[in-house]
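Observations on the model geometry
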Amino acid sequence: MVARGSQLRIGVSVALGMLCASAAVGDGPLFPGAQYPVGDGPHSVAIGDLDGDQAPDLAVANFGSDNVSVLLGLGDGTFAGAVNYAAGNGPYSVALGDLDGDEAPDLAVANEVSGNVSVLLGLGDGTFGAAVNYPAGNYPLSVAIADLDGDQVPDLAVANWASHNVSVLLGVGDGTFADAVHYPAGGGGPISLAIGDLDGDQAPDLAVTNYYSDNVSVLLNQSAIPGDLNGDGCVGHADLGILLADWGCTGGDCPGDCDDDGDTDQSDLGILLAHWGEGCP
């Protein structure tokens, strides 16, 4: 396969919105851009407060130089010079999330050429520890972070271009991850992945775009516990409170609906009680 990172455009452009009108272009925001050097062949950028100063910062995955650039924001739309951190071979996508529970954002990087995901734990001041690499599939191009199994610990989902699947790596809670579990994703070059609750069961599902087969794969999460209405992985008093507060609801938008029939009634109470205590400490 020919790597899509062969073009090397070195730099990140930052375009600031201005609420003004121009007779030449019509009413609307204008975005004059500023460029900031990063590594070779930047492919993906993510925004988050990486140093805890309430100013957004940038993290950039650089395909050609096998690293991630971190640009700390100054709060006025400008950025300090990039600091580079080694990742795997061919970083293609970067995502931000608190992977070790210390309330400091960490980095997850999908490395296309080395077929793995690099995890760089943040120290809270905008700096990061050395990358720890976890095998994924062949040519991973997209990585996303979410609690996929309901244990309140962030997990990783990775779209693998050449192996036509999605890798799920469940988080342990300390910034480390279990071995990848692979799920087929359409057989046509998964290139991008997004996470959201697509079926209303309060468990995150996966949507994957397949480049060659011209379709989107939807992978529904099967880990939700029936009766876990608040999605905390435990069927208990909080869920019972939701159900009772919603008792008698009809019309299909009912927070206490355990069986997805559009109502909150006796059958939902039975499901909740049948699973009472499941998943709880």
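That block above? That's the structure.
Notes on the structure in this doc start here.

This part is about a nonpolar patch on the surface. A cluster of nonpolar side chains, Leu198, Val216, Val218 and Leu220, forms an exposed patch at the surface whose accessible area comes to about 360 Å². The exposure class of Val216 is exposed, given its relative accessible area of 52%.

Turning to the side chain of Ser44, a few remarks are in order. By secondary structure assignment, the location of Ser44 is in strand S5 (residues 42–48). At 3.3 Å, the side chain of Ser44 and the backbone nitrogen of Val94 are in polar contact.

Turning to unusual backbone geometry, a few remarks are in order. A positive phi angle is found at Glu103, which is not glycine, with a value near 70 degrees. Among the secondary structure elements, Glu103 is positioned in the loop between strand S9 (91–97) and strand S10 (106–111). Accessibility expressed as a relative area gives 75% for Glu103, which makes it exposed. Notably, Asp214 is not glycine yet its phi reads approximately 55 degrees, a positive angle.

Let us now look at helix H2 (residues 266–274). Considered for burial, the residues of H2 that qualify are Asp268, Leu269 and Leu272. Seen end-on, H2 carries its buried residues on one side only, within an arc spanning 100 degrees. The outward face of H2, more than 90 degrees from its buried face, is lined by the exposed residues Gln266 and Ala274. Contacts from the buried residues of H2 go to helix H1 (237–245).

A few words on the state of the cysteines. All told, the structure shown has two disulfides when counted by the stated rule. Each sulfur of the disulfide joining Cys234 and Cys280 lies 1.8 Å from the other. Disulfide Cys234-Cys280: torsion about the S-S bond near 85 degrees, hence right-handed. In this pair, Cys234 is assigned in the loop between strand S19 (215–219) and H1 and Cys280 in the segment after H2, connecting sequence segments 46 residues apart. Taking relative accessible area as the criterion, Cys234 reaches 16% and is therefore assigned buried. We classify Cys280 as partly exposed; its relative accessible area is 27%. What pairs with Cys249 in a disulfide is Cys254, and their sulfur atoms sit 2.2 Å apart. Judged by the torsion about the S-S bond (-80 degrees), the Cys249/Cys254 disulfide is left-handed. Look at Cys249 and you get buried, because its relative accessible area is 16%.

Our focus in this paragraph is the sheet that holds S9. Taken in spatial order, the four strands of this open sheet run S9-S10-S11-S12, and their pairing is antiparallel. Two strands in the sheet have a free side with no partner beyond their single neighbour: S9 and strand S12 (132–135). The average undirected angle you get between the axes of adjacent strands in this sheet is 25 degrees. Here strand S11 (residues 116–120) runs beside S12; their pairing, made up of four bridges, is antiparallel. What sits directly across from Val119, in S12, is Val132.

The rules behind the values
- Residue numbering note: each chain is counted from 1, following its sequence as written.
- Totals for whole chains, interfaces and linings use every residue, but because this is a predicted model, local features are given only for residues with pLDDT of at least 70 and side-chain atom pairs only at 80 or more, for both listing and counting.
- Values reported for side chains reflect all heavy atoms of the structure, with hydrogen atoms and water molecules removed beforehand.
- Here, patches come from residues exposed beyond 30% relative accessible area and free of salt bridges, joined within 9 Å for like charges and within 5 Å for nonpolar side chains (Val, Leu, Ile, Met, Phe, Trp, Tyr).
- Methods summary: accessible areas were calculated by the Shrake-Rupley approach with a probe of 1.4 Å, and residue burial reflects only the protein chains presented.
- A carboxyl oxygen of Asp or Glu within 4 Å of a side-chain nitrogen of Lys or Arg is what we treat as a salt bridge.
- Relative accessibility thresholds used throughout: buried, under 20% of the residue-type maximum; exposed, over 50%; partly exposed, between the two (1.4 Å probe, protein chains only).
- Secondary structure is summarised from DSSP: a helix means a run of H or I of at least four residues, a strand means a run of E of at least two, and numbering begins at the N terminus for each.
- We call two N or O atoms a polar contact when they sit within 3.5 Å, provided that within protein one can donate a hydrogen and the other can accept it, with sequence-adjacent residues counted only if both atoms are side-chain atoms.
- As used here, the arc is the angular range of directions from the helix axis to the C-beta atoms.
- Contact definition: two residues touch when any of their heavy atoms are within 4.5 Å.
- Cysteine sulfurs are considered disulfide-paired once they come within 2.5 Å of each other.
- Should DSSP find at least two bridges between two strands, the strands are regarded as paired.
- Axes here refer to lines fitted to C-alpha atoms; in helices the fit is confined to the stretch in contact. Angles between the N-to-C directions go from 0 to 180 degrees.

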